Amino acid sequence: MIYTFKGNFGTLLLTVDTDGKARGTYQKNGVLEGDWSENSFSGEWTNQGMEGLVRFTVSDGKLEGNWKKGKDVGAMKGRWKGDLLSKEDDSETTKVVEETTSVANTPAEHPLKAKIEELYDAEDYASVITLFSENETELSENEDIVHKYLFSMWFHGDLEEETFEKIRGFEDKFETNRWLKLKGFYYSRKKWYDSALEAFKDTSERHYLLTKKKFDDYYTLHEEEKYSEVVKYFESELRSSISSKTFKVAEIYCQALYMDSDTERKALEKIRTFRERYPEHQPFTKLNGRFANYIGGKDLNLELIEEGLACFKEIKDERNIAKTKELIGETKSKIKAQTQDEKAAARERAAAEKKAAREAEAARKRADKKAVAAAKLLQHRFKNSRGLRFCQFCGREQQWATETCEIRGAGHNFVLLKERYSGELTPTCNKCGQEYNWAGDTCE
Ligand SMILES: [Zn+2]
Ligand SMILES: [Zn+2]
């Protein structure tokens with residue numbers, strides 16, 4: 001059984017199991033736990049990090065009781081006073097049976113209708129649907145039968161879209177709002193909690209409070225500044241629940257994104273989307289301006305700050321217009337200073353590059369010289385003496401000389417001297433005395 005109370009403690013939803021265990025929620029974070037017996041509750045409460053004892057009795061629709069802080073037994077001076085708003089069986093089927101008892105109790109004037117009622121009471125929803133479909137022309141004239149048919153479709157499951165389509169058709173046909181609660185179920189299933197809240201407002205206290213809790217839990221996370229949880233909650237539960245009465249939900253989401261430096265850009269993108277969808281809602285425009293200014297100022301992005309300015313102009317927010325103009329001035333001088341720094345850095349870079357190029361050129365020249373010298377070391381140096389042309393360093397005649405002067409490094413100095421035995425003139429080193437064809441690669 002689920003009891004709903006309203007009183008000086010806020011709204012209390014108390015679920016009592018068949019074994020007498022009771023558990024309840026009240027205010028934003030309040031929780032009750034205890035025992036239920038003979039219309040009296042006795043147990044413990046916890047709320048906002050505090051705890052204590054509470055007991056109350058319900059009689060003639062009135063709740064009266066006492067509470068105290070702390071779990072030690074003692075005088076309970078605090079008072080709880082409230083009214084019983086509703087008492088519902090928490091199994092949905094029973095509830096529907098209750099809802100339609102008036103219909104079920106009226107004698108059916110037609111065997112088909114009686115059959116539908118019988119199947120419905122037996123919770124044989126598939127058969128209700130089949131029977132209705134086979135006799136639709138006749139049965140769809142009776143609003144009460146249609147009512148059972150629609151609920152059968154819903155409880156049957158897997159027919160949500162079809163049920164919703166049928167509801168809309170029958171609403172027009174009978175010009176009634178009778179299936180608003182059923183539409184609330186559909187909206188809840190779709191996570192369109194804003195629409196669900198509206199649908200349950202006058203049709204089901206219990207579902208209204210359950211749906212409201214979806215939003216209250218979110219607001220609590222926001223109040224507790226649990227930003228990443230706010231973001232997660234919104235994206236999984238509330239993203240399809242934004243309309244004129246729940247704009248706050250979207251604002252909180254964007255603010256939470258904005259609080260984390262990793263998601264500032266995402267915050268800006270999201271708020272732009274909301275502003276585009278709801279241009280009349282000024283808080284969106286204002287947040288758009290704030291986010292654009294902040295990121296623009298940080299990244300020295302004048303275009304973003306201009307976006308911010310446009311936002312504030314749109315909502316005629318003079319204070320922020322003035323602030324934004326100041327920010328534009330500051331940012332411009334920062335950009336200028338940054339440009340100057342960049343220019344100086346570029347000049348330094350160019351000078352360094354020039355210097356490196358000069359050094360590379362010099363090194364290249366040195367290497368070339370070395371190569372030339374090395375090549376030179378391998379060259380013959382021919383000279384003429386008495387009709388013979390031979391190399392000063394290796395002694396070979398020009399026509400027999402090898403391509404390079406292999407022993408130039410040895411340091412010989414060949415001149416024409418008379419050969420020891422034949423007396424023929426032969427190139428001979430005047431330093432070591434070796435004839436050219438015997439000279440080795442050292443001159444000793
Ligand atoms: Zn030579
Ligand atoms: Zn020699």
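Residues numbered from 1 in each chain as written. Chains lettered and ligands numbered in written order. Predicted model: local features only at pLDDT ≥ 70, side-chain atom pairs only at ≥ 80, totals over all residues. Heavy atoms only, no water.

Trainee: Sorry, what's going on with the overall build of the chain here?
Mentor: Scanning the chain from terminus to terminus reveals 16 helices and 12 strands. Relative to the compact-globule value of 22 Å for 444 residues, the chain shows a C-alpha radius of gyration of 49 Å, a clear excess of over 25%. Taking the principal axes of the C-alpha coordinates as reference, the chain spans close to 160 × 60 × 55 Å. Per-residue burial over the chain gives 39% buried out of 444 residues. Sequence separation of 24 or more characterises 39% of the internal contacts of the chain that already satisfy a separation of 6 or more. A total accessible area of about 26,200 Å² is found for the chain, and carbon and sulfur atoms account for 48% of it. Taking the average place of the 74 positive charges on the side chains of the chain and the average place of its 80 negative ones, the gap between the two points comes to 14 Å. (Helix = DSSP H or I, 4+ residues; strand = E, 2+ residues; numbered from the N terminus. Rg over C-alpha atoms; globule rule 2.2 N^0.38 Å. Buried < 20%, exposed > 50% of the residue type's maximum accessible area, 1.4 Å probe, protein only. Contact = heavy atoms within 4.5 Å. Areas by Shrake-Rupley, 256 points an atom, 1.4 Å probe, with all protein chains shown as cover. Lys, Arg positive; Asp, Glu negative; His and termini not counted. Charge placed at Lys NZ, Arg CZ, Asp CG, Glu CD.)

Trainee: Looking at this model, I keep getting lost on the coordination of the zinc ion (ligand 2). Mind explaining?
Mentor: Four donors placed tetrahedrally about a metal ideally form angles of 109.5 degrees, and six donors placed octahedrally ideally form angles of 90 or 180 degrees. Taken together, His412 (ND1), Cys429 (SG), Cys432 (SG) and Cys443 (SG) make up the protein donors of the zinc ion (ligand 2), found 2.0 to 2.5 Å from the metal. One can describe the donor arrangement at the zinc ion (ligand 2) as tetrahedral, given that its four donor atoms subtend angles of 99 to 123° at the metal. (Donors = N, O, S within 2.8 Å, 3.2 Å for Na, K, Ca; no water. Tetrahedral: all angles 85-135°; square planar, octahedral: opposite > 155°, others 65-115°.)

Trainee: When you look at the coordination of the zinc ion (ligand 1) in this model, what are you seeing that I'm missing?
Mentor: Coordination of the zinc ion (ligand 1) by the protein comes from His380 (ND1), Cys391 (SG), Cys394 (SG) and Cys405 (SG), over a distance range of 2.0 to 2.5 Å. One can describe the donor arrangement at the zinc ion (ligand 1) as tetrahedral, given that its four donor atoms subtend angles of 92 to 121° at the metal. Each donor residue of the zinc ion (ligand 1) belongs to the same chain, with the gaps between them written as H-x10-C-x2-C-x10-C. You can see His380 sitting in the loop between helix H16 (318-377) and strand S9 (382-385) and its partner Cys405 sitting in the loop between strand S10 (388-391) and strand S11 (414-418), a full 25 residues away along the chain.

Trainee: Just checking my understanding: could you explain the nonpolar core for this structure?
Mentor: Inside soluble globular proteins, nonpolar side chains tend to come together where they are buried. Membership of the largest hydrophobic core comes to 32 residues, with the highest contact counts inside it found for Phe132, Leu150, Phe170, Trp179 and Leu182. Elements that contribute at least two residues to this core include exactly helix H3 (111-121), helix H4 (125-134), helix H6 (143-156), helix H7 (160-174), helix H8 (180-189) and helix H9 (193-201). With eight residues, the top contributor of residues to this core is H6. If we ignore the near neighbours within four places in the chain, the residues touching Leu182 are Leu150, Phe151, Trp154, Thr163 and Ile167. (Core = buried A, V, L, I, M, F, W, Y, C linked by side-chain atoms within 4.5 Å.)

Trainee: Before we go on, may I ask you to explain the environment of Val230 in this structure?
Mentor: Assignment of secondary structure puts Val230 in helix H11 (residues 227-238). Sequence-distant contacts of Val230, defined by excluding residues within four places in its chain, comprise Tyr218, Leu221, His222, Ile252, Tyr253 and Ala256.

Trainee: Whenever I open this one, the packing of helix H12 (residues 247-259) against helix H14 (residues 282-299) confuses me. Can you help?
Mentor: How two helices pack is summed up by the angle between their axes together with the distance between the axes. Running from N to C, H12 and H14 cross one another at 10°; their axes reach a closest spacing of 11 Å. Judged by the inter-axis angle, H12 sits roughly parallel to H14. Taken together, the residues of H14 that come into contact with H12 (itself represented by Phe247, Ala250, Glu251, Cys254, Gln255 and Tyr258) are Pro283, Phe284, Leu287, Arg290, Phe291 and Tyr294. (Axes fitted to C-alpha atoms, helices over the stretch in contact; angles between N-to-C directions. Parallel < 35°, antiparallel > 145°, perpendicular 65-115°, else oblique.)

Trainee: How should helix H13 (residues 264-277) be read in this particular structure?
Mentor: Two residues of an α-helix separated by three or four positions point the same way, owing to the 3.6 residues in each turn. Here H13 spans 20 Å end to end across 14 residues, near enough to the 20 Å set by a 1.5 Å rise per residue. Turning to H13, its buried residues are Glu264, Ala267, Leu268, Ile271, Phe274 and Arg275. The buried residues of H13 occupy one face: seen down the axis, they fall within an arc of 130°. (Expected span 1.5 Å × (residues − 1). Arc of directions from axis to C-beta.)

Trainee: It is not clear to me how the side chain of Thr211 should be interpreted in this structure. Could you clarify?
Mentor: Relative to the helices and strands, Thr211 resides in helix H10 (residues 205-223). Given the relative accessible area of 4%, Thr211 is considered buried. Discounting chain neighbours no more than four positions away, the residues touching Thr211 are Ser188, Tyr193, Ala196, Leu197 and Phe200.

Trainee: When you look at the packing of aromatic side chains in this model, what are you seeing that I'm missing?
Mentor: Each aromatic ring pair is specified by the distance between its two centres and by the angle formed by the two planes. Applying the stated criterion across every chain, the model contains 32 aromatic pairs. Judged by centre distance (5.8 Å) and plane angle (55°), the rings of Phe185 and Phe200 are tilted. Remark: Phe200 occurs in helix H9 and Phe185 occurs in helix H8; sequence separation between them is 15 residues. Judged by relative accessible area, which is 7%, Phe185 ranks as buried. Accessibility expressed as a relative area gives 1% for Phe200, which makes it buried. Between Tyr218 and Phe234, the ring centres sit 6.4 Å apart and the planes meet at 40°, which makes this aromatic pair tilted. (Phe/Tyr/Trp six-rings, centres within 6.5 Å; stacked < 30°, edge-to-face > 60°.)

Trainee: Can you walk me through the environment of Leu85 in this structure?
Mentor: Along the chain, Leu85 turns up in strand S8 (residues 78-88). Spatially, the C-alpha atom of Leu85 lies 26 Å from that of Phe155, the residues being 70 residues apart in sequence.

Trainee: Just to check I follow, could you spell out the confidence of the model for the chain for this structure?
Mentor: Do not read the predicted coordinates in detail wherever pLDDT is low. Per-residue confidence for the chain gives a mean pLDDT of 90, with 95% of residues at or over 70. For the chain, the element scoring lowest by mean pLDDT is helix H2 (residues 101-105), at 43; helix H15 (residues 302-314) scores highest, at 97. The low-confidence segment residues 93-108 (pLDDT under 50) makes 29 contacts with residues lying over four places distant or belonging to another chain. (pLDDT = per-residue confidence, 0-100.)

Trainee: What is the right way to read the pattern of salt bridges from this model?
Mentor: Opposite charge on two side chains makes pairing possible when the charged atoms of those side chains draw close. Inspection of every chain in the model, using the stated rule, returns 30 salt bridges. Glu171 is the salt-bridge partner of Lys183, the closest N and O atoms lying 2.8 Å from each other. Of this pair, Lys183 sits in helix H8 while Glu171 sits in helix H7; the two residues are 12 residues apart in sequence, bridging distant segments of the chain. The class for Glu171 is buried, based on a relative accessible area of 12%. The salt bridge partner of Lys245 is Glu198, with a shortest N-O separation of 3.4 Å. One end of the pair, Lys245, is in the loop between H11 and H12; the other, Glu198, is in helix H9, and 47 residues separate them in sequence. Salt bridges here are not isolated pairs; linked through shared partners, they connect Glu44, Glu51 and Lys71. (Salt bridge = Lys/Arg side-chain N within 4 Å of Asp/Glu carboxyl O.)

Trainee: In this structure, what is going on with the side chain of Arg275? I would like to understand it.
Mentor: When you line up the elements, Arg275 lands in helix H13. One polar contact links Arg275 to Glu314, side chain to side chain, over a distance of 2.7 Å. Apart from residues no more than four positions distant in its own chain, Arg275 is found in contact with Phe284, Thr285, Asn288, Cys311 and Glu314. (Polar contact = N/O pair within 3.5 Å; in protein donor to acceptor, adjacent residues only side chain to side chain.)

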